[in-house]
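Residue strings, one per chain:
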Amino acid sequence: MSSTELPGVRTAAAAAPAVSAVRAAEGEELRSVALPGLTLTVRSRPPERTGLPPALFVHGLGGSSQNWSALMPLLQDVVDGEALDLPGFGDSSPPDDGNYSVTGHARAVIRFLDAAERGPVHLFGNSLGGAIATRVAAVRPDLVRTLTLVSPALPEIRVQRTAVPTGLLAVPGVVTLFARMTRDWSAEDRTRGVMALCYGDPSRVSEAGFRAAVAEMEHRQELPYFWDAMARSARGIVDAYTLGGQHGLWRQAERVLAPTQLVYGGRDQLVSYRMARRASAAFRDSRLLTLPDAGHVAMMEYPEAVAQAFRDLLDELGGS
């Protein structure tokens, strides 16, 4: 068993159906990468010049690589950026082994980086992607140059009440019940609900941004395995919260060697703002950006502020 594997039951994944194409913003490119047991969709934006250091962006639960489309163009003069769709999300098919644990997703990221030979990278992660990125940085420090975590899903003793419904997705049968109860909801209704939960101020979303999010929601609703991926990934977060010893996420945060930029939102309903202090203490080489009006997805709400924090980190490290 490799350092990225934990014991667990593996099940067969559902076959990927033919559905509508995902959206690529102007200047973005999408490609499919076949790996052992995985096929990942990767979103990239060509850098302004050759020779820039690579960066990889990892989205959160229920998201996709599109979550980074606002931030990536702000950094294309300093990094060669790629964002991947985690297995079962965006346009990536489910993993062959059906493993949606934090470790399973971390293994997918590691396989991608090893195959591309792009490491070490500037690694970004949001929410679940932050937990995944933390695990990658802990077990494979050779792959991570810096770590930027936006509202990382690290274990909380007292979970916010507004985050409880998301955690309930991990309970067997809840997803089926929720899907039945909301089968008449339109993509617009679902998108407004997600934005109300994830954004500090949903009214700041432009009409174009809302329409793009609705299109992505419509794409998700066409995928028969989407809710299964959500449930299994939510269960993976809950399981990761209960792990102790060397596999515990806080223990792994303490092992991270890479310079780390933390970003927390004051209106985050999913990851408590109070966790910023604990994270700052856990990551040995950390700096903290707090955005009082941001919610759970600061890279989408305040991409300029997140981009500047990363630029400051690069300047501190001599621009590497």
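The preceding data block contains the structure.
Per chain, the residues get numbers from 1 upward, laid out in the order the sequence is written. Two thresholds apply to this predicted model, a pLDDT of at least 70 for residue-level local features and 80 or more for giving and counting side-chain atom pairs, whereas whole-chain, interface and lining totals are computed over all residues. With hydrogens and water stripped out, all remaining heavy atoms of the structure feed into the side-chain values.

Moving on, we come to the side chain of His-59. Where helices and strands are cited, they refer to DSSP runs of H or I of at least four residues and of E of at least two residues respectively, numbered from the N terminus. Take His-59: it is sitting in the loop between strand E3 (54-58) and strand E4 (80-84). Polar contacts here mean pairs of N or O atoms no more than 3.5 Å apart (in protein, one a potential hydrogen donor and the other a potential acceptor; neighbouring residues in sequence count only if both atoms are side-chain atoms). A distance of 3.5 Å separates the side chain of His-59 from the backbone oxygen of Gly-63, its partner in a polar contact. Here Leu-86 takes part through its backbone nitrogen, which lies 3.0 Å from a polar atom of the side chain of His-59. Contacts between residues were defined by any pair of non-hydrogen atoms, one from each residue, lying within 4.5 Å. His-59 has contacts with Ser-64, Ser-65, Asn-67, Trp-68, Leu-84, Asp-85, Leu-86, Phe-89, Asn-126, Leu-128 and Gly-129, leaving out every residue within four places of it along the chain.

The angle between two axes is taken between their N-to-C directions and runs from 0 to 180 degrees, where each axis is a line fitted to C-alpha atoms and a helix contributes only its stretch in contact. It is the contact of helix H1 (residues 102-116) with helix H2 (residues 128-139), at a shortest axis distance of 9 Å, that shows an interaxial angle of 65°. By the angle between their directions, the pair H1 and H2 is classed as roughly perpendicular. The crossing of H1 and H2 is right-handed. Counting all contacts with H1, which are made through Val-102, Thr-103, His-105, Ala-106, Val-109 and Ile-110, the residues of H2 involved are Leu-128, Ala-131, Ile-132, Arg-135, Val-136 and Val-139. Following the grouping adopted for this structure description, the nonpolar residues are Ala, Val, Leu, Ile, Met, Phe, Trp, Tyr, Cys and Pro, the charged ones are Asp, Glu, Lys and Arg, and the polar ones are all others, Gly among them. Split into classes, the residues belonging to the contact of H1 with H2 amount to nine nonpolar, two polar and one charged. To sort the angles, those under 35 degrees are grouped as roughly parallel, those over 145 as roughly antiparallel, those from 65 to 115 as roughly perpendicular, and the leftovers as oblique. Crossing handedness is defined as follows: a turn of the near helix away from the far one that is anticlockwise and smaller than a right angle gives a left-handed crossing, while the clockwise case is right-handed.

Moving on, we get to the pairing of strand E1 (residues 29-35). Here, strands pair whenever DSSP counts at least two bridges between them. Taken together, the seven bridges between E1 and strand E2 (residues 38-45) define a ladder with antiparallel strand orientation. When the bridges of E2 are listed, Leu-35 appears paired with Leu-38. Here E1 folds back onto E2 in antiparallel fashion, the turn holding two residues, of which Gly-37 has a positive phi close to 80°.

The amide bond that connects Gly-119 to the next residue, Pro-120, takes the cis arrangement and shows omega of 0°. Within the secondary structure, Pro-120 sits in the loop between H1 and strand E5 (121-126). Its identity as a non-glycine residue notwithstanding, Glu-117 has a phi of 55°, on the positive side. Note that Glu-117 resides in the loop between H1 and E5. Phi angles above zero are rare outside glycine, and Ser-151 is one such case at about 45°. Inspection of the secondary structure assignment puts Ser-151 in the loop between strand E6 (144-150) and helix H3 (164-168).

This part covers the nonpolar core. By nonpolar core is meant a set of buried Ala, Val, Leu, Ile, Met, Phe, Trp, Tyr and Cys residues that side-chain atoms within 4.5 Å join together. Think of it in three bands: residues with accessible area under 20% of the maximum for their type are buried, residues over 50% are exposed, and the middle band is partly exposed, with areas taken using a 1.4 Å probe on protein chains only. Counting 53 residues, the largest nonpolar core has Val-109, Phe-112, Leu-123, Ile-132 and Phe-283 as the members making the most contacts within it. Here this core takes eight residues from H2, the largest share from any one element. The contacts of Phe-112, once residues within four sequence positions are left out, are Arg-31, Val-33, Leu-35, Leu-40, Val-42, Leu-56, Glu-82 and Leu-84. Core analysis: the next-biggest nonpolar cluster, separate from the first, contains 32 residues, Phe-124, Ala-187, Tyr-199 and Ala-298 among them.

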